[in-house]
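Structural overview for review
Each chain, letter by letter, is given below.
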Amino acid sequence: MSAPGTAGPDVVAGPDRRLLARTLARHAVVTAAAVALVCALVAAGVWWLAHAEAERRAEEVSRRVATAVVVGLADRDLATAGTAGRERLLADLAPFRATGMVSRVKVWLVEGPTARLVFSDEARIEGLTRRFDPVLAARLDGGAAVVLPVPDDGEHRYEHGDGLREVFLGFTDGAGRPARLEVYVPVDVDGATAHAVGLLLPPAVAGMLLVAAAVLPLSVALARRRERERTERRDAALYGLAAGELARRDLARRLHDDVLPTLAGAGLMLDLAPARPELLDRARATVGDGVVRIRSVLDALHPADVDAAGLPAALAALAAGGDPPAAVVTTGDPAGTLDDRGAVLLHRVASELLRNARAHARARTVEVGLHVAAGRARLTVTDDGTGFDPARGPEPGHIGLLLVRRAVADASGTLEVRSAPDRGSTVTVVLPRRG
């Protein structure tokens, strides 16, 4: 078989180091992007959960406040509550304010299309009037608790900052008029987000890095495989070009060295035939011999088609048509297993393997075996040549075995190579039953 090259370690290691460096850099970039994406998703998810939890807590605190104070408010006419009512409300709110559960409480009395602020623990804004959104009013009258961020306007000049939520609840005072309880609840969305992110991100990032480290060998293996496939495709193209050029040169050499001298001699004899008539028969025989030689060149360029039934004879012709001649052993009937396409493939595979053994392996003996049994056809080519290490890539220009492997794989077959330096080679190709 064609032995791969024996380039030194430095020749092989240089490109491999560059490939490894590119792969590591690409893997690091992808890992960094994945970690950044996971961090962003975790932070966004935690912020959304913290925001939702803040609103849930604000509503829960507001309902607890309402439970403590609304019963007393519902027994009084809020329009005439006076100082005594204010002091009682402040006393009911004292535990909530002391623990920091609420920042401020306001009570609004609805008077037609507007509402008047009849109580606030910030006395400077009592008496303020405002219009309530009808949609908001309808929700409050339906018993809902509405949680809103605190607006930045004049009404809320004493309540500001991102750490507050205002919660509205509706009730009815002692005079049967609709009223609104507005509770300001401190929340810390940013702090809760930072705390949760600090707890969740380290294990998430560590897990991502562990996964990246675990798949790094796979990334390197895939990169090497892609590089090897690119090299094989490039070498296949060069191999095709070189094969075409070699075929043209071989044709030119055979015509120049074999056919043209024969025809030139026939032409010279024809020129001399008028004076020497006996040369005419010799010229005719020489032209006939030239035709035979041309036909042999054409036959070599366009080999006869091979079918399954004729595969053993075709292999025998291949084995006998080179140096050294190969021994052929055939068992079973290929026609019962192979179709003509499979027979052509095995014939071409045998031709390539024999060419490798004769041209590159310097083999003294070559054996070809065709065994058909159990619905499979197995072709084996064995030589006692120089051998090679199948684990290494082929030397540039020696990619016939790679092309054979791809052709066999395309036919759903398998190819196995057993070889070692100075130990000869055995290549086995197995094709399944047709259909």
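Residues numbered from 1 in each chain as written. Predicted model: local features only at pLDDT ≥ 70, side-chain atom pairs only at ≥ 80, totals over all residues. Heavy atoms only, no water.

1. Regarding the packing of helix α6 (residues 311-320) against helix α7 (residues 340-359)
The contact between α6 and α7 brings their axes to 10 Å, and the two run at 15°. Relative to α7, α6 is oriented roughly parallel. In the packing of α6 onto α7, the handedness of the crossing is right-handed. Facing α6, whose interface residues are Leu311, Ala314, Leu315, Leu318 and Ala319, α7 presents Ala343, Leu346, His347, Ala350, Ser351, Leu354 and Arg358. Across the contact of α6 with α7, the residue classes tally to nine nonpolar, two polar and one charged. (Axes fitted to C-alpha atoms, helices over the stretch in contact; angles between N-to-C directions. Helix = DSSP H or I, 4+ residues; strand = E, 2+ residues; numbered from the N terminus. Parallel < 35°, antiparallel > 145°, perpendicular 65-115°, else oblique. Left-handed = near helix turned anticlockwise from the far one by under 90°. Contact = heavy atoms within 4.5 Å. Nonpolar A, V, L, I, M, F, W, Y, C, P; charged D, E, K, R; others polar.)

2. Notes on the pattern of salt bridges
Tallying each qualifying case throughout the model produces 13 salt bridges. Across the pair arginine 63 and glutamate 59 runs a salt bridge, and its minimum N-O distance is 3.3 Å. Of this pair, arginine 63 and glutamate 59 both sit in helix α1 (residues 9-74), separated by four residues, roughly a single helical turn. With relative accessibility at 35%, the residue arginine 63 sits in the partly exposed group. A salt bridge links aspartate 141 to arginine 180, with the nearest nitrogen and oxygen atoms 2.9 Å apart. Residue aspartate 141 is located in helix α3 (residues 134-141), and its partner arginine 180 is located in strand β6 (residues 178-186); the two are separated by 39 residues in the primary sequence. Overall, arginine 180 belongs to the buried group, its relative accessible area being 3%. Ionic contacts of the salt-bridge type, sharing partners, join the residues Glu53, Arg56 and Glu60 into one network. (Salt bridge = Lys/Arg side-chain N within 4 Å of Asp/Glu carboxyl O. Buried < 20%, exposed > 50% of the residue type's maximum accessible area, 1.4 Å probe, protein only.)

3. A closer look at the UniProt feature "transmembrane region" (unreviewed entry) in the protein
Residues given the UniProt feature "transmembrane region" (unreviewed entry) here are residues 27-50 and 204-223. Helix makes up 100% of residues 27-50 and strand 0%, and the two end C-alpha atoms of the span are 34 Å apart. Strand forms 0% of residues 204-223 and helix 100%; the C-alpha atoms that close the span are 27 Å apart. (UniProt positions renumbered as here; feature names shortened; annotations may be inferred.)

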